[in-house]
There are 4 protein chains.
Amino acid sequence: MASNTFGKLLTLTTYGESHGPAIGGVIDGFPAGLELDLAQVQKELERRRPGQSHITTTRKEEDVVEFLSGIFEGKSTGTPIGFMIRNTGQRSRDYSNNVNVYRPSHADYVYDAKFGFRDPFGGGRSSARETACRVVAGALAQQFLNLASISITAFVSTVGNISINKSVNELDLSEVDSNIVRCPDNYTANEMISLIEQVRKEGDTTGGVITCIIKNVPAGIGEPLFDKLSAKLAHAMFTLPAVKAFELGSGTSAVFQRGSEHNDPFRNINGKIRTTTNKAGGINGGISNGEDILFKVSFKPVSTIHKAQETVDSEGQNTMMTGKGRHDPCVVPRAVPIVEAMAALVVADLMLINPTRNINHFNFK
Amino acid sequence: MASNTFGKLLTLTTYGESHGPAIGGVIDGFPAGLELDLAQVQKELERRRPGQSHITTTRKEEDVVEFLSGIFEGKSTGTPIGFMIRNTGQRSRDYSNNVNVYRPSHADYVYDAKFGFRDPFGGGRSSARETACRVVAGALAQQFLNLASISITAFVSTVGNISINKSVNELDLSEVDSNIVRCPDNYTANEMISLIEQVRKEGDTTGGVITCIIKNVPAGIGEPLFDKLSAKLAHAMFTLPAVKAFELGSGTSAVFQRGSEHNDPFRNINGKIRTTTNKAGGINGGISNGEDILFKVSFKPVSTIHKAQETVDSEGQNTMMTGKGRHDPCVVPRAVPIVEAMAALVVADLMLINPTRNINHFNFK
Amino acid sequence: MASNTFGKLLTLTTYGESHGPAIGGVIDGFPAGLELDLAQVQKELERRRPGQSHITTTRKEEDVVEFLSGIFEGKSTGTPIGFMIRNTGQRSRDYSNNVNVYRPSHADYVYDAKFGFRDPFGGGRSSARETACRVVAGALAQQFLNLASISITAFVSTVGNISINKSVNELDLSEVDSNIVRCPDNYTANEMISLIEQVRKEGDTTGGVITCIIKNVPAGIGEPLFDKLSAKLAHAMFTLPAVKAFELGSGTSAVFQRGSEHNDPFRNINGKIRTTTNKAGGINGGISNGEDILFKVSFKPVSTIHKAQETVDSEGQNTMMTGKGRHDPCVVPRAVPIVEAMAALVVADLMLINPTRNINHFNFK
Amino acid sequence: MASNTFGKLLTLTTYGESHGPAIGGVIDGFPAGLELDLAQVQKELERRRPGQSHITTTRKEEDVVEFLSGIFEGKSTGTPIGFMIRNTGQRSRDYSNNVNVYRPSHADYVYDAKFGFRDPFGGGRSSARETACRVVAGALAQQFLNLASISITAFVSTVGNISINKSVNELDLSEVDSNIVRCPDNYTANEMISLIEQVRKEGDTTGGVITCIIKNVPAGIGEPLFDKLSAKLAHAMFTLPAVKAFELGSGTSAVFQRGSEHNDPFRNINGKIRTTTNKAGGINGGISNGEDILFKVSFKPVSTIHKAQETVDSEGQNTMMTGKGRHDPCVVPRAVPIVEAMAALVVADLMLINPTRNINHFNFK
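Here the structure is a predicted model, which means the values were calculated and not measured. Starting afresh in each chain, residues are numbered from 1 along the sequence in its written order. In the order they appear in the text, chains get letters beginning with A and ligands get numbers beginning with 1. Only residues with pLDDT of 70 or above have their local features reported here, since the model is predicted, and side-chain atom pairs are shown and tallied only from 80 upward, although totals for entire chains, interfaces and linings are computed over all residues. The basis for every side-chain value is the complete set of heavy atoms in the structure, and neither hydrogens nor water enter the calculation.

(A) Region of interest: the overall build of chain A. Numbered from the N terminus, helices here are DSSP runs of H or I no shorter than four residues, and strands are runs of E no shorter than two. Assigned secondary structure in chain A consists of seven helices and 18 strands. Restricting the calculation to C-alpha atoms gives the radius of gyration, and the globule rule supplies 2.2 Å times the number of residues raised to the power 0.38. Over its C-alpha trace chain A gives a radius of gyration of 21 Å, about what one expects of a compact globule, namely 21 Å for 365 residues. Principal axes of the C-alpha set define a box for chain A whose edges measure 65 × 50 × 35 Å. Relative accessibility decides the category of a residue: with a 1.4 Å probe and only protein chains considered, values under 20% of the type maximum give buried, values over 50% give exposed, and everything between is partly exposed. Counting only residues that meet the buried cut, chain A has 70% of its 365 residues in that class. When checking whether two residues touch, look at their non-hydrogen atoms; a contact exists if any pair is within 4.5 Å. Counted over contacts in chain A with a minimum sequence separation of 6, partners at least 24 positions apart contribute 69%. As used throughout, the charge tally considers Lys and Arg to be positive and Asp and Glu to be negative, leaving His and the chain termini uncounted. By convention, the point assigned to a charge is CZ for Arg, NZ for Lys, CD for Glu and CG for Asp. With 38 positive and 38 negative side-chain charges, chain A shows a separation of 2 Å between the mean positions of the two kinds.

(B) Structural detail: the relation of the copies chain C and chain A. What sets the superposition is a least-squares fit of C-alpha atoms, and only residues with pLDDT of at least 70 in both copies go into it. Laying chain C over chain A is done by rotating through 180 degrees and shifting 0.0 Å along the axis; what remains is an RMSD of 0.0 Å. One copy is carried onto the other by what is essentially a two-fold rotation axis. The fraction of interface residues of chain C whose copies in chain A are also interface residues reaches 100%, indicating that both copies meet through the same surface.

(C) Local environment of the relation of the copies chain B and chain A. Rotating chain B by 180 degrees and moving it 0.0 Å along the rotation axis overlays it on chain A with an RMSD of 0.0 Å. Here 99% of the contact residues of chain B are again contact residues in chain A; the copies associate through an equivalent surface.

(D) Just the sheet that holds strand S10 (residues 208-215) of chain B, in detail. The pairing criterion is simple: DSSP has to find at least two bridges between the two strands. With antiparallel pairing, 10 strands are arranged side by side in an open sheet as S9(A)-S8(A)-S10(A)-S16(A)-S11(A)-S11(B)-S16(B)-S10(B)-S8(B)-S9(B). Because the sheet does not close on itself, it has two edges, and the strands there are strand S9 (162-163) of chain A together with strand S9 (162-163) of chain B. As paired strands, strand S11 (residues 243-248) of chain A and strand S11 (residues 243-248) of chain B are joined by three bridges and run antiparallel to one another. Looking at S11(B), one finds that A:Glu247 is bridged to B:Ala245. Those strands touched by helix H5 (residues 229-238) of chain B are S11 of chain A together with S11 and strand S16 (293-299) of chain B, and its axis lies near 160 degrees from that of S11(B). For helices, the axis comes from a line fit to the C-alpha atoms of the stretch in contact; other axes are also lines fit to C-alpha atoms, and the angle between any two N-to-C directions lies between 0 and 180 degrees.

(E) Expanded view of the sheet that holds strand S2 (residues 11-16) of chain A. All names here are of chain A. Read from one edge of the open sheet, five strands run S1-S2-S3-S7-S4, paired in antiparallel fashion. Strand pairing shows two members of the sheet lacking a second neighbour, strand S1 (5-6) and strand S4 (65-67), which therefore form its edges. Judged from the two bridges that link them, S1 and S2 form a sheet pairing that is antiparallel. Residue pairing in the sheet places Thr 5 in a bridge with Thr 13 of S2.

(F) How the structure looks around the interface of chain B and chain A. Facing 108 residues of chain B, the contacting portion of chain A comprises 107 residues. Simply put, the buried area is the total loss of 1.4 Å probe accessible area from both parts when two parts are fitted together. Counting each side, the surface lost to burial between chain B and chain A is near 8500 Å², with a carbon and sulfur contribution of 58%. Criterion for a salt bridge: a side-chain nitrogen of Lys or Arg within 4 Å of a carboxyl oxygen of Asp or Glu. The partner of B:Arg267 in a salt bridge is A:Glu310, and the shortest N-O contact between them spans 3.7 Å. Pairs of N or O atoms within 3.5 Å make up the polar contacts considered here, provided that, within protein, one atom can donate a hydrogen while the other can accept it, and that residues adjacent in sequence are counted only when both atoms are side-chain atoms. Inspection of the region where chain B meets chain A yields 54 residue pairs in polar contact (both at pLDDT 80 or more). Here the side of chain B that touches chain A is composed, by residue class, of 42 nonpolar, 43 polar and 23 charged. Gly is placed with the polar residues, together with every amino acid not listed as nonpolar (Ala, Val, Leu, Ile, Met, Phe, Trp, Tyr, Cys and Pro) or charged (Asp, Glu, Lys and Arg).

(G) Highlighting the packing of helix H1 (residues 38-48) of chain B against helix H7 (residues 332-353) of chain B. Residue and element names in this part refer to chain B. Packing of H1 against H7 brings their axes to within 7 Å, and their N-to-C directions diverge by 140 degrees. Taken as axis vectors, H1 and H7 run oblique relative to one another. The residues of H7 that touch H1, namely those facing Glu 44, Arg 47 and Arg 48, are Arg 334, Val 336, Pro 337, Ile 338 and Glu 340. Here the contact of H1 with H7 is built from residues that sort into three nonpolar, no polar and five charged. Roughly parallel means an angle under 35 degrees; roughly antiparallel, over 145; roughly perpendicular, 65 to 115; everything else is oblique.

(H) Structural context of the confidence of the model for chain A. Across chain A, pLDDT averages 94, with 97% of residues at or above 70. Interface confidence for the predicted complex, given as ipTM, is 0.97, next to a pTM of 0.98. Per-residue confidence from the prediction method is given by pLDDT, with values spanning 0 to 100.

(I) Local environment of the pattern of salt bridges. Under the counting rule described, the total for this entry stands at 92 salt bridges over all chains. A salt bridge links D:Asp227 to D:Lys232, with the nearest nitrogen and oxygen atoms 3.7 Å apart.

(J) Molecular detail of the environment of B:Ser253. Relative to the helices and strands, B:Ser253 resides in the loop between S11 and helix H6 (259-262). Separated by 26 residues in the primary sequence, B:Ser253 and B:Lys279 place their C-alpha atoms 9.6 Å from one another.

(K) View of the interface of chain C and chain A. Listed per partner, the contact involves 23 residues of chain C and 23 residues of chain A. Taken together, both faces of the contact between chain C and chain A bury some 2100 Å²; the carbon and sulfur share is 70%. Between chain C and chain A we count six residue pairs in polar contact (both at pLDDT 80 or more) in total. For the side of chain C that touches chain A, the element with the highest residue contribution is helix H7 (residues 332-353) of chain C, accounting for three residues. Here the side of chain C that touches chain A is composed, by residue class, of 16 nonpolar, five polar and two charged.

(L) Region of interest: the packing of aromatic side chains. Centres within 6.5 Å are what make two rings of Phe, Tyr or Trp a pair, Trp counting through its six-membered ring; a difference in plane orientation under 30 degrees is then read as stacked, over 60 as edge-to-face, and the rest as tilted. With the rule as written, the count across this model stands at 40 aromatic pairs over all chains. Ring centres 6.4 Å apart and planes at 55 degrees place the aromatic pair A:Phe67 and A:Phe83 in the tilted group. Of this pair, A:Phe67 sits in strand S4 while A:Phe83 is found in strand S7 (residues 81-86), placing the two residues 16 residues apart along the sequence. Comparing A:Phe67 with A:Phe83 shows no difference in burial state: the two are buried. Two conditions define a charge sitting above a ring: the NZ of Lys or the CZ of Arg must be within 6 Å of the ring centre, and it must be within 35 degrees of the ring normal. D:Lys75 extends its terminal NZ or CZ atom over the ring of A:Phe117, reaching a point 4.7 Å from the ring centre.

(M) Seen up close, the pairing of strand S10 (residues 208-215) of chain D. Residues and elements named next belong to chain D. Buried residues dominate S10, accounting for seven of its eight residues. Here eight bridges tie strand S8 (residues 151-159) to S10, and the two strands are oriented antiparallel to one another. By the bridge assignment for S10, Ile 152 is matched with Ile 214. In terms of strand pairing, S10 meets strand S16 (residues 293-299) through seven bridges, oriented antiparallel. Bridging across to S16, Val 209 finds its partner in Ser 298.

(N) Structural detail: the packing of H1(B) against helix H3 (residues 131-146) of chain B. All names here are of chain B. Where H1 meets H3, the axes come as close as 9 Å, and the angle between the chain directions of the two elements is 140 degrees. Judged on the interaxial angle alone, H3 and H1 are oblique. Crossing handedness for the pair H1 and H3: right-handed. When H1 is examined against H3, the residues Leu 38, Gln 40, Val 41, Glu 44, Leu 45 and Arg 48 are found in contact with a partner set consisting of Thr 131, Ala 132, Val 135, Val 136, Ala 139, Leu 140 and Gln 143. When grouped by side-chain class, the residues that make up the contact of H1 with H3 number eight nonpolar, three polar and two charged. Note on convention: the crossing is left-handed when the near helix lies turned anticlockwise from the far helix by less than a right angle, right-handed when the turn is clockwise.

(O) How the structure looks around the pairing of strand S13 (residues 272-275) of chain B. Residue and element names in this part refer to chain B. Because side chains alternate across S13, one face comprises the buried residues Ile 273 and Thr 275, and the other comprises Lys 272 and Arg 274, none of which is buried. Judged from the four bridges that link them, strand S12 (residues 266-269) and S13 form a sheet pairing that is antiparallel. Bridging from a neighbouring strand, Arg 267 pairs with Arg 274 of S13.

(P) View of unusual backbone geometry. Residues and elements named next belong to chain A. Pro 224 connects to Leu 225 through a cis peptide bond whose omega is -5 degrees. Here Leu 225 is to be found in the loop between strand S10 (208-215) and helix H5 (229-238). The residue Asn 270 is not glycine, and still its phi comes out positive at about 55 degrees. Position of Asn 270 among the secondary structure elements: in the loop between strand S12 (266-269) and strand S13 (272-275).

Okay, structure coming up:
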């Protein structure tokens, strides 16, 4: 019930502000007996880390995760996995000149409205820094999903007005990390990088789209009515900062199609029930149908810009402000591992729940 | 934790298949002491009811709600509100010739994959009939929201390739129910109706978009990190059948904007902190900022079409099928009250939680 | 999160007042594919039914359960099982002369204090009538537990100052229902019945103890820290009306023992790890150890007595009242099936959760 | 839903093994704006700390809590409060000779049965060391309760066969910490201390009882049906190690009383509705009635004894073992602050929920 806990059987509870002593969390319900690759978790954190390339913020944060419990001799014990990432990179709370000014389209104002006051440094709890905790948990969830050969790959499909011009099937998904923008089409990637460089030069920011594909989810995953796989994914993605749209399969384009175009015919293909198209994005009635799960997440342009903007201060006085500090001109390259992490948490949780819903899964002697 | 329960402090738990004895539910956590207008609840059910106009299914269902508990002398008692809607309209399980054929893009196959078998009549639990329960609960939640003058209005903004050409502010939202398609622009409404009539004649179906606007939500509603107002709305909408996309405020168009265009400047307007634009859709960092909350929900074309389609049966044998029965050619006119209902449940739940998060809301003597 | 929902994976949500139209509930998370014996459910209701013998209330209530969903051709479908019991036995709200007087040790006053007002007839939501819903759910949970050969037997071990003088192992548990007080020792049963008859004649009431034994729960059931099997059982029993104490295994007598007396030695018995004594009541560290689970529940004397008592009315004026109506002189004979039902819900829920906590239980291909 | 999370609106999620790097937790839902006295939290930890007196274990653990988030300039911010206690006192995992032997009445065996293996050092997750986290959270919850003048006092009322011979009202509760056994009657305290010294000399252990009294809880706290204040307290106490019984008010003695003796008459006392006796322990129908809340918790003798005992090893071979290490001869002196902490968490959670259940508590403009 706590609003900083995500999931049902497999849960992540997080804490931490960007400029406090640490961020961290507790992963509960993780099944016992899995050999964990903790170096891989750290590697995922590197993919999210600030300062990883010249198109991200140049802020340096070490983001070294320390595991505190729930692992014994390299294996999950079934008890809660506590972890912590010390905050080290913040320039000693140097934002202080701005703390009474509400940054436009940030959460400063609404935190004050809700809680009466707030930790003003670096966005406090509303800072995207908290997403590092999700990457830790998602990386472990992925290691559970590996048992079922489920893979999750997100990539940047759009930056501003530049989009990949190929279908997902035409892409080589192993190429996602071959460039700094995380677009698996190198030509488009270069265009995206140029656009981000230009936008940064202008002191401005741009939005983008991340596409995610999940392979090998068996048919039957997701719980009607309210824990549909689709609904949980939509929920998960909208807990991320800057998200403006979630689309499943055909997404907004479904509106313009006739049922006869949009329906996915079932066919027996090599003895398996498959669909010959995938407008559904792998989900019928909220439950996986065995096809690839496909969704898109649209992110707005980062709100911190190096241009003068109208705003108010905490007294409600009109004023002007210009963003300072080292911020991302476009959030999507660093958001790729975060989208993957949240998807992994959703799928792992529903994979754990699913066998409990059918007596055939129980082996009572 | 049950997957047929929605909400945290204010919860709706539902049950029921389309062709069983009844559908119904339990509303728990509803505050005591509210005078309830039960006729208004029935009125909302009429807006969702099949057979309400010539552009919906002609199936007749009475949909009379019976309240079983939690109300005494017209007022909520604070105890659970049980309610039930008897199933009466179903043509005595007459779908039987088709029950072994998986209807394309329906949930027949995935229910079998998940549960091993299913109630095949009328879609069983996956039937949109269950949404009647949400309308009941949402109508009561709205009566709670009336105390805070919060209004929720959804309307059809797109059917197939026909869209309203005006901004939300240019529309007269009191006109939504003035036509059978529930589009508050009469000229566009007529075009939409013509399109739906044509699509039905072709034995086909079309998708559509519902826009929803929520007024008077105070700043501060929504719980970071995982119960953000935006995330709960996205989740709620994706629990509805046929939903393919959820967009908040600027939605997918945010991607193409620069931060300097997309940011909403804060201004002091008549002593209040307001924004002069509303790309945010009334939500910053997942928390309401006091502006109108705006979102769009895209629905796919209804999957049941009166055209021959390839599919398989439950043995995995390829076959052909043609949809029968009385189905909607377009789901959005009847989905308007359902979108409103789910939005009301989300906002009411978060309105109940919000005062618990700040000691200033407590009056301890 | 709703306070009228019990359980995590297997949940029961209930509604209903004693004198409203109906009581009922929703069982969610019940695994698909189980052949259900609905006549058995009704039979359990008969064990709880008022008017079943001359030592219970003579009030007549039919208590016929109607199942509304979640069952198809006799098998659970995995979707929510809705059910309802119409209220028929109440003498048309004939308590009205008393409704403004707070009955001592009843919940009248606290409901008013909490909710501002209440449904005053027959105790409203605080009536023990709601426990019929638990019996329905528990009877279905028991049918799931039958798959694992888990049996749950409760019986009356004490009424007032009369107690069974034998250990659980000396009793023939199949004899519980052989007498109307549900004590499996016929000599003691007769003494208990005499005591209840006498107490009733005096217009008074008496307390009692129910002992419960659960057999064949495998080792490993229960979730540390907060969903320990012991804690869930204690919680479940304390949701029942009139409960004053819950004791596990040795219970309050553990206090007087030395560790060297109280510890249960482990031994290898026929190739199995067993304990040679069972002070633990089958639970170590909150988790089942494979031995019989044993607990006791103490119930206070029924609060409604036919004697004059001091009390106040809802205006806070001192007054006197004498209980009227047909009430039980002792609650324990009818509470036996309710204790079993709640135990079944707890054990079934934890049996569903347990396999999710260990990767060895998963069969991924 | 996670089993290491306790509470609904105010939640505590904990992690940590006794011999891992750290234990810790996350407190979520704590209201914003409260000035926190963190030194007081540390002080409560000292009351639980090993080595505090000669009748506790002589093990030295520093138990210094570090707060990591959710507090800004001394006040709660409404965001999650993360905290951590480094494990420092453990003698470098020196238990190793015993790790394959199942200690009688400990959780070693059931952890292996459940999870397939376990962290064997110092009891791993089943160690009472985790209760330090509850003390931290409970101490903060108490600071919230201070706003409502709610006080919680637990004390040792029984050790083995030595009990306080006075009623709660005859005791000076401010004297609880005046002696090392935490019994507010000095004569009895000395007897208890002697008994514990003797038991330790024998290499044995003894059980005990803690009584808890909660003052100034207003009438109306607790949520029917399943979140009754009584049920939540019973649940909370049974999550603690070594608990065997929970009794509310009259407890097991209620069984022997007639209704006419046991009922608590209501009277108007100085304009307030009060009861003239308190068999109820301050709770009617699961909801507080404004009187003192009274309950008792029975603890078994500590399972680790310095005497030879029969047991088995993890291969199921019969063997003998003798407990080693520095353990408590009686758990109750150190359990006093833990009982208080869990009670504080329960009451604070239900105090937060209560105002949401009644429209009169809302101040909508």
